[in-house]
Amino acid sequence: MATLAAAVARQAATLSRLSSPKTSAQAASLIHRRGLAGAADHHGPPKVNCWQDPMNPAKWKEEHFVIVSLSGWGLLFFGGYKFFTKGKGKKEETLLEASH
């Protein structure tokens with residue numbers, strides 16, 4: 001029971017301090033600021049989907065640029081791997097079939 005009374009007293013004291021700020025500095029500190037939440041403010045040209053303007057990556061949306069870039073790098077590495085290791089898997093397979 002004593003802890004409940006102490007909690008109520010603390011809450012009342014906090015509310016009384018917040019409801020009547022004594023200085024303008026205290027009042028300014030109570031104003032809620034959104035910080036970096038201005039993502040809806042567009043600066044510069046509007047971004048488009050990558051399939052609407054495929055030859056201009058500077059105008060693409062960021063997530064589309066990331067997806068296309070990673071896909072391109074993946075294809076480049078996979079193509080290089082297949083090019084430099086071409087036929088190795090098939091040669092082993094044909095040698096095994098010929099021995100049977």
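What counts, and at which threshold
- Residues numbered from 1 in each chain as written.
- Predicted model: local features only at pLDDT ≥ 70, side-chain atom pairs only at ≥ 80, totals over all residues.
- Heavy atoms only, no water.
- Helix = DSSP H or I, 4+ residues; strand = E, 2+ residues; numbered from the N terminus.
- Buried < 20%, exposed > 50% of the residue type's maximum accessible area, 1.4 Å probe, protein only.
- UniProt positions renumbered as here; feature names shortened; annotations may be inferred.
- Contact = heavy atoms within 4.5 Å.
- Patch = residues over 30% accessible without salt bridge, like charges linked within 9 Å, V, L, I, M, F, W, Y side chains within 5 Å.
- Areas by Shrake-Rupley, 256 points an atom, 1.4 Å probe, with all protein chains shown as cover.
- Salt bridge = Lys/Arg side-chain N within 4 Å of Asp/Glu carboxyl O.
- pLDDT = per-residue confidence, 0-100.
- Phe/Tyr/Trp six-rings, centres within 6.5 Å; stacked < 30°, edge-to-face > 60°.

Under the annotation held in an unreviewed UniProt entry, the protein carries the name SYP124 protein and is attributed to Manihot esculenta.

What should I look at first to understand the overall build of the protein in this one?
On a plain count of helices and strands, the protein comes out with four helices and zero strands. Buried residues in the protein amount to 5% of all 100 residues.

Is there a simple way to explain the UniProt feature "transmembrane region" (unreviewed entry) in the protein in this structure?
According to UniProt, the "transmembrane region" (unreviewed entry) feature falls on residues 64-84. For residues 64-84, helix accounts for 100% and strand for 0%, while the C-alpha atoms at its two ends are 30 Å apart.

Would you mind going over the side chain of His 64 with me for this structure?
Among the structural elements, His 64 can be located in helix 3 (residues 62-84). On the basis of relative accessible area, His 64 is assigned to the buried category, the value being 14%. Leave out the neighbours within four places in its chain, and His 64 touches Asn 49, Cys 50 and Trp 51.

Before we go on, may I ask you to explain a nonpolar patch on the surface in this structure?
Together, Phe 65, Val 66 and Leu 70 make up a nonpolar patch on the protein surface, roughly 280 Å² of accessible area in all. Along the chain, Phe 65 turns up in helix 3.

Which parts of the structure should I look at to understand the environment of Glu 62?
Structurally, Glu 62 can be placed in helix 3. On the accessibility criterion, Glu 62 (64% relative accessible area) is exposed. On a C-alpha basis, the gap between Glu 62 and Val 48 in space is 9.5 Å, while along the polypeptide they are 14 residues apart.

Would you explain the side chain of Asn 49 in this entry?
Within the fold, Asn 49 resides in the loop between helix 2 (24-30) and helix 3. When sequence neighbours within four positions are dropped, the list of residues in contact with Asn 49 reads Trp 60, Lys 61 and His 64.

What should I look at first to understand the pattern of salt bridges in this one?
If the charged atoms of two oppositely charged side chains come close together, the side chains can form a pair. Scanning the entire structure with this criterion turns up one salt bridge. Note that Lys 59 and Asp 53 form a salt bridge whose closest N and O atoms lie 3.7 Å from each other. Residue Lys 59 is classed as partly exposed on the basis of its relative accessible area, which comes to 32%. For Asp 53, a relative accessible area of 22% gives the class partly exposed.

Help me understand the confidence of the model for the protein, please; the structure alone is not making it clear to me.
The predicted coordinates of low-pLDDT regions are not to be read in fine detail. Of the residues in the protein, 59% reach a pLDDT of 70 or more, and the chain-wide mean stands at 77. Across the protein, element-level confidence peaks in helix 3 with a mean pLDDT of 95 and bottoms out in helix 4 (residues 88-99) with 61.

Sorry if this is basic, but what is going on with the packing of aromatic side chains here?
In this description, a pair of aromatic rings is defined by centroid distance and the angle of the planes. Scanning the model with the defined rule gives three aromatic pairs in all. A ring pair is formed by Trp 60 and Phe 65, whose centres lie 6.3 Å apart and whose planes are at 55 degrees; its orientation type is tilted. Residue classification places Trp 60 among the buried positions, given a relative accessible area of 9%. Where Phe 83 meets Phe 84, the ring centres are 5.1 Å apart and the plane angle is 80 degrees; that geometry is what we call edge-to-face. Assigned by exposure class, Phe 83 and Phe 84 land together as exposed.

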